[in-house]
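Summary of structural features
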Amino acid sequence: SQQGEEDPQALSIQEGENATMNCSYKTSINNLQWYRQNSGRGLVHLILIRSNEREKHSGRLRVTLDTSKKSSSLLITASRAADTASYFCATDAGTASKLTFGTGTRLQVTL
Amino acid sequence: DGGITQSPKYLFRKEGQNVTLSCEQNLNHDAMYWYRQDPGQGLRLIYYSQIVNDFQKGDIAEGYSVSREKKESFPLTVTSAQKNPTAFYLCASSIDIEGTTEAFFGQGTRLTVV
């Protein structure tokens, strides 16, 4: 079964706007990661946040983690058309455990 | 170049046939995974292997088989027992560093039953 559920399933914004997508998970985690997938391609790792961290930044990406609510959010600021992709959260419960992916958010950024 | 390579990119299978999807990595990663992705949906775990000569069933292992005879290779066989095999298959490898697991993905194999 899926560990994570992303919300919304689909998001359409204009270039320059911010995009926020959320991820909820069910069990305790060690880390949470966000991945990006361009249509018909493999996934690419974007950012990782540990369970003892609350916020992390990488370029135009900002990730928050609330372990009490078992949720995370990914914010992409000043979006570009090239950000159009699906975004997935993934969780792991500890060293050498398998990664479990959520259902993904499809982001469409229009000019 | 270091990375993870899946082949072929596109694969067509007749009903009743077994097909094998290749996945090779030269990243020296211990763990490897196979995921299935259906249109507009997330990734579902088929099988994973944390170490050579060992593998575990994921959430949707029925109709699939794997082997892990070498660290670099983790082929997936889609058997005739898999009733709905048309999907996009993704292979990944990962390594644990200081308690974190980051996955590296191949470019996928799109399997179509004709």
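Residues numbered from 1 in each chain as written. Chains lettered and ligands numbered in written order. Predicted model: local features only at pLDDT ≥ 70, side-chain atom pairs only at ≥ 80, totals over all residues. Heavy atoms only, no water.

Observations concerning the packing of aromatic side chains
Using the criterion set out here, one finds nine aromatic pairs over all chains in the structure. Aromatic side chains A:Phe101 and B:Phe105 sit 5.6 Å apart centroid to centroid with 75° between the ring planes, which places their arrangement in the edge-to-face category. Placement of the pair is A:Phe101 in strand E10 (residues 100-101) and B:Phe105 in strand E10 (residues 100-105), with the two residues belonging to separate chains. Among the residues examined, A:Phe101 registers a relative accessible area of 1% and is labelled buried. In this structure an aromatic cluster arises from ring pairing among A:Tyr35, A:Phe101, B:Tyr33, B:Tyr35, B:Tyr48 and B:Phe105. The positively charged end of B:Arg68 is found above the aromatic ring belonging to B:Phe74, 6.0 Å away from the centroid. (Phe/Tyr/Trp six-rings, centres within 6.5 Å; stacked < 30°, edge-to-face > 60°. Helix = DSSP H or I, 4+ residues; strand = E, 2+ residues; numbered from the N terminus. Buried < 20%, exposed > 50% of the residue type's maximum accessible area, 1.4 Å probe, protein only. Lys NZ or Arg CZ within 6 Å of the ring centre and 35° of its normal.)

Points about the interface of chain B and chain A
Contacts between chain B and chain A engage 25 residues on the former and 26 residues on the latter. Of the roughly 2,000 Å² buried at the junction of chain B and chain A (both faces included), carbon and sulfur atoms supply 48%. One can count zero salt bridges joining chain B with chain A. Counting every contact that joins chain B to chain A gives five residue pairs in polar contact (both at pLDDT 80 or more). At the level of elements, strand E4 (31-37), strand E5 (43-51), strand E9 (87-97) and E10 of chain B are the ones that each hand at least two residues to the side of chain B that touches chain A. Among the residues making up the side of chain B that touches chain A, the classes are represented as nine nonpolar, 10 polar and six charged. (Contact = heavy atoms within 4.5 Å. Buried area = accessible area lost by both parts, 1.4 Å probe. Salt bridge = Lys/Arg side-chain N within 4 Å of Asp/Glu carboxyl O. Polar contact = N/O pair within 3.5 Å; in protein donor to acceptor, adjacent residues only side chain to side chain. Nonpolar A, V, L, I, M, F, W, Y, C, P; charged D, E, K, R; others polar.)

Describing a nonpolar patch on the surface
Among the surface-exposed residues, B:Tyr10, B:Phe12 and B:Val114 lie close enough to one another that they form a single nonpolar patch of about 380 Å² accessible area. Accessibility expressed as a relative area gives 56% for B:Phe12, which makes it exposed. (Patch = residues over 30% accessible without salt bridge, like charges linked within 9 Å, V, L, I, M, F, W, Y side chains within 5 Å. Areas by Shrake-Rupley, 256 points an atom, 1.4 Å probe, with all protein chains shown as cover.)

Brief notes about unusual backbone geometry
Where the residue is not glycine, phi is negative for most of them; where a peptide bond is considered, it is trans in most cases. Cis rather than trans, the peptide bond between A:Asp7 and A:Pro8 has omega equal to 0°. Relative to the assigned elements, A:Pro8 resides in the loop between strand E1 (4-7) and strand E2 (10-14). Cis geometry is adopted by the peptide bond preceding B:Pro8, which originates at B:Ser7 and carries an omega value of -5°. Of note, B:Pro8 is situated in the loop between strand E1 (4-7) and strand E2 (10-13). Despite not being glycine, B:Asn28 shows a phi value in the positive range, around 60°. Backbone geometry places B:Asn53, a non-glycine residue, at a positive phi of 65°. By secondary structure assignment, the location of B:Asn53 is in the loop between E5 and strand E6 (54-57). Residue class for B:Asn53 comes out exposed when judged on its relative accessible area of 61%.

Here's the deal with the side chain of B:Gln6
Residues and elements named next belong to chain B. Tracing the backbone shows glutamine 6 in strand E1. With a relative accessible area of 10%, glutamine 6 lands in the buried category. Separated by 3.0 Å, the side chain of glutamine 6 and the backbone oxygen of tyrosine 89 make a polar contact. Of note is the side chain of glutamine 6, whose polar atom sits 3.0 Å from the backbone nitrogen of glycine 108. If sequence neighbours within four positions are ignored, glutamine 6 has contacts with Ser22, Trp34, Tyr89, Leu90, Cys91, Gly106, Gln107, Gly108 and Thr109.

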